[in-house]
Amino acid sequence: MTAGTIRAETPDNSGLRHPGGSEPYLKEFEVVLDPAGGVQRFDASFALDRFWIEPEASDLAQQAYVEGLIDAARKRGETPVLACCRTLGRAGWLKKRFGGFHIVLVRDPVQQWLSFYSLRRRPRPTYFELCHYVLLLEMAAWRDASRQILGREFGVSGPLSQRLATVRRAFKRRPASLSFQAFLAVWLASHLKALPHADLVIDVDRLARDQAYAREIEAAIAAGSGLKPDFSDCRAPAPHGEAPPIEWRKAARAVVDAMGLHEAIVGADAHPILYRKLAPALAALPPARAGVLARIGEMLAGVAGGAALARLQTRFRRA
């Protein structure tokens, strides 16, 4: 990265449907550029390597890099805010080392995947698709689920560029449903790791359409961090007009089954936002697998959350 590449990458020319106009995405990094090239202390392995790092694990290089970003802000009299797309799997590690106020943003996974898929240049998947294959293959805790979703054991090794090339060759012509299932498996595993460490969870889709909710979130951030954001102009991208090119409800249920996550999504201790985001898929169970009362309960849980569904089911069983 150089000052020139920072100035060249803006929402206007990205083709990613992002707001922001001509303001460079990575403008803040100008103050941490290394005269020899790149960003100080950064290594390409930080992008996806050790994405699933545990809170107690040691990673001195990544720790030094994050410390450098925080120090750069503080030296300028600013409050450091780390806005990272690839940190859900290491949220506990970051919190244990750096403290702070941790916010997890959650978006509709189907629309999020469609954003990735819409950038595909046939027959080549995008980086956004490929990185989820890489992460799925490296989820040690979900090795059996990975094998079941991909249909076989598949190992990748070497630097990130090599692993991306390997999965591109293996999966570039596979059905769109596999791309979605790989994405959703990583999405679920990532949020299950991050949510226990969150001081605040934000439903991004709701934030963009519910002004009362936006005011609540502004107040929660102010109380937790001292910062006072203004979300009055928050906008989510318009939903992709095309229907997903897959039977996404069936694909989503297959992922939940493979990972054994029913209890984690609809159980009494489940975080309600996971069910809210997956309710359309889980409420579409065929009649042979769910009775009328169960399906009504699932639809209600789409509003009230997984814990409410569990309580409803318990009452029915007692009756």
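Counting from 1, residues in each chain are numbered in the order their sequence is written. Per-residue local features of the predicted model are confined to residues with pLDDT of at least 70, and side-chain atom pairs are confined, for both listing and counting, to 80 or more; whole-chain, interface and lining totals are unaffected and use all residues. The side-chain figures draw on all heavy atoms in the structure; neither hydrogens nor water molecules are used.

Engineer: Tell me about the overall build of the protein, and name the residues and values.
Structural biologist: Think of it this way: any DSSP run of H or I at least four residues long counts as a helix, any run of E at least two long counts as a strand, and we number them from the N terminus. A count of helical and extended segments in the protein gives 16 helices and two strands. Within the protein, contacts between residues at least 6 apart in sequence are counted, and of these 67% link residues at least 24 apart. Per-residue and other accessible areas were derived by the Shrake-Rupley procedure at a 1.4 Å probe size, with only the shown protein chains allowed to occlude residues. Carbon and sulfur atoms make up 54% of the accessible area of the protein, which amounts to about 17,100 Å² in all. Whether two residues are in contact is decided by their heavy atoms, any of which lying within 4.5 Å being enough.

Engineer: Which residues make up helix α12 (residues 248-259), and what are the values?
Structural biologist: With 12 residues, α12 extends 16 Å between its outermost C-alpha atoms, agreeing within 8% with the 16 Å of an ideal straight helix rising 1.5 Å per residue. Any residue under 20% of the maximum accessible area for its type is buried, any over 50% is exposed, and the rest in between are partly exposed; the area is computed with a 1.4 Å probe on protein chains only. Buried within α12 are the following residues: W248, A251, A252, R253, V255, V256, A258 and M259. Tucked inside the fold, the buried residues of α12 contact α5 (109-118), α7 (143-150), α9 (176-194), α13 (262-266) and α14 (272-282). Looking at the residues trailing α12, positive phi occurs at G260, about 60°. By definition here, a helix of n residues has an expected span of 1.5 Å times n minus one.

Engineer: Explain the nonpolar core to me, using residue names and the numbers behind them.
Structural biologist: For our purposes a nonpolar core is just a set of buried Ala, Val, Leu, Ile, Met, Phe, Trp, Tyr and Cys residues, chained together by side-chain atoms within 4.5 Å. Of all hydrophobic cores here, the largest spans 60 residues; its most connected members are F180, L188 and I265. With 12 residues, α9 is the largest single contributor of residues to this core. Apart from the residues lying within four places of it in its own chain, the contact partners of F180 are V110, W113, I246, W248, A251 and A252.

Engineer: Before we move on, can you summarise the packing of α12 against α14 with the specific residues and values?
Structural biologist: For every element, the axis is a line fit to its C-alpha atoms; helices are fit only across the contacting stretch, and the angle between N-to-C directions ranges from 0 to 180 degrees. At a closest axis distance of 8 Å, the pairing of α12 and α14 adopts a crossing angle of 115°. Within the contact between the two elements, α12 uses W248, R249, A252, R253 and V256 and α14 uses P280, A281 and L282. Three classes are used, and their members are as follows: Ala, Val, Leu, Ile, Met, Phe, Trp, Tyr, Cys and Pro are nonpolar, Asp, Glu, Lys and Arg are charged, and the others, Gly among them, are polar. A per-class count over the contact of α12 with α14 returns six nonpolar, no polar and two charged.

Engineer: Summarise the packing of aromatic side chains; cite the residues concerned and give the values.
Structural biologist: A pair of Phe, Tyr and Trp rings is counted when the ring centres sit within 6.5 Å of each other, with Trp represented by its six-membered ring. The angle between the planes then sorts it: under 30 degrees is stacked, over 60 is edge-to-face, the rest tilted. As enumerated under the stated definition, the model contains 11 aromatic pairs in all. Each ring, one from F42 and one from F46, has its centre 5.6 Å from the other, and the planes form 85°; the classification is edge-to-face. For F42, a relative accessible area of 42% gives the class partly exposed. On the accessibility criterion, F46 (8% relative accessible area) is buried.

Engineer: An account of the confidence of the model for the protein is requested, with residue identities and associated values reported.
Structural biologist: Where the model shows low pLDDT, its predicted coordinates should not be examined in detail. The predictor reports its confidence for every residue as pLDDT, a score running from 0 up to 100. Averaged over every residue, the pLDDT of the protein is 83; the share at 70 or more is 87%. Low confidence marks residues 285-319, where pLDDT is under 50. Its contacts with residues over four positions away, or in another chain, come to 41 contacts.

Engineer: Which residues make up the side chain of R90, and what values do they have?
Structural biologist: With respect to the element layout, R90 can be found in the loop between α3 (60-75) and α4 (91-98). We note that R90 is buried and unpaired, the nearest opposite charge coming from D59 at a distance of 6.3 Å. In this tally, Lys and Arg are treated as positive and Asp and Glu as negative; His is ignored, and so are the chain termini. Salt bridges are counted wherever a side-chain nitrogen of Lys or Arg sits within 4 Å of a carboxyl oxygen of Asp or Glu.

Engineer: Any chance you could break down unusual backbone geometry for me, citing the residues and the numbers?
Structural biologist: Backbone geometry places R41, a non-glycine residue, at a positive phi of 70°. With respect to the helices and strands, R41 occurs in the loop between α2 (11-14) and α3.

Engineer: Describe the side chain of R163, with residues and values.
Structural biologist: Inspection of the secondary structure assignment puts R163 in helix α8 (residues 160-171). Side chain to side chain, R163 and D49 meet in a polar contact 2.3 Å long. For this analysis, a polar contact is any N or O atom pair within 3.5 Å, provided that within protein one partner can donate a hydrogen and the other can accept it, and provided that sequence-adjacent residues contribute only side-chain to side-chain pairs.

Engineer: Any chance you could break down the packing of α7 against α12 for me, citing the residues and the numbers?
Structural biologist: The geometry of α7 relative to α12 is characterised by a closest axis approach of 8 Å and an angle of 145° between their N-to-C directions. Here α7 and α12 pass one another in a crossing that is right-handed. Here A145, Q148 and I149 of α7 come into contact with α12, specifically with V255, A258 and M259. Of the residues contributing to the contact of α7 with α12, the split by class is five nonpolar, one polar and no charged. Helix crossings fall into two classes, left-handed where the near helix is turned counterclockwise from the far one by less than a right angle and right-handed where it is turned clockwise.

Engineer: Go over the environment of A57, please, and point to the residues and values.
Structural biologist: By the element assignment, A57 lies in the loop between α2 and α3. Look at A57 and you get buried, because its relative accessible area is 19%. Spatially, the C-alpha atoms of A57 and W93 are 7.4 Å apart, while their sequence positions differ by 36 residues.

Engineer: Hey, could you go over the pattern of salt bridges for me, with residue numbers and the actual values?
Structural biologist: Under the defined criterion, the tally for this structure stands at 12 salt bridges. Among the salt bridges present, the one from E218 reaches R215, with a minimum N-O distance of 2.7 Å. Note that E218 and R215 are positioned in helix α11 (residues 211-225) at a spacing of three residues, about one turn of the helix. With a relative accessible area of 14%, E218 lands in the buried category. With a relative accessible area of 32%, R215 lands in the partly exposed category.

Engineer: Give a detailed account of the pairing of strand β2 (residues 200-203), specifying residues and quantitative values.
Structural biologist: Alternating residues of β2 divide into L200 and I202 and V201 and D203, and every residue in both groups is buried. Alignment of strand β1 (residues 103-106) against β2, held across four bridges, turns out to be parallel. Paired with V104 across the two strands is V201, which belongs to β2. Only strands that DSSP links by at least two bridges are regarded as paired with each other.

Engineer: Describe helix α6 (residues 127-137), listing the residues and the values that go with them.
Structural biologist: The element α6 is extensively covered by neighbouring structure, given that nine of its 11 residues are classed as buried. Looking at the buried side of α6, the elements it contacts are α5, α7, α8 and α9.

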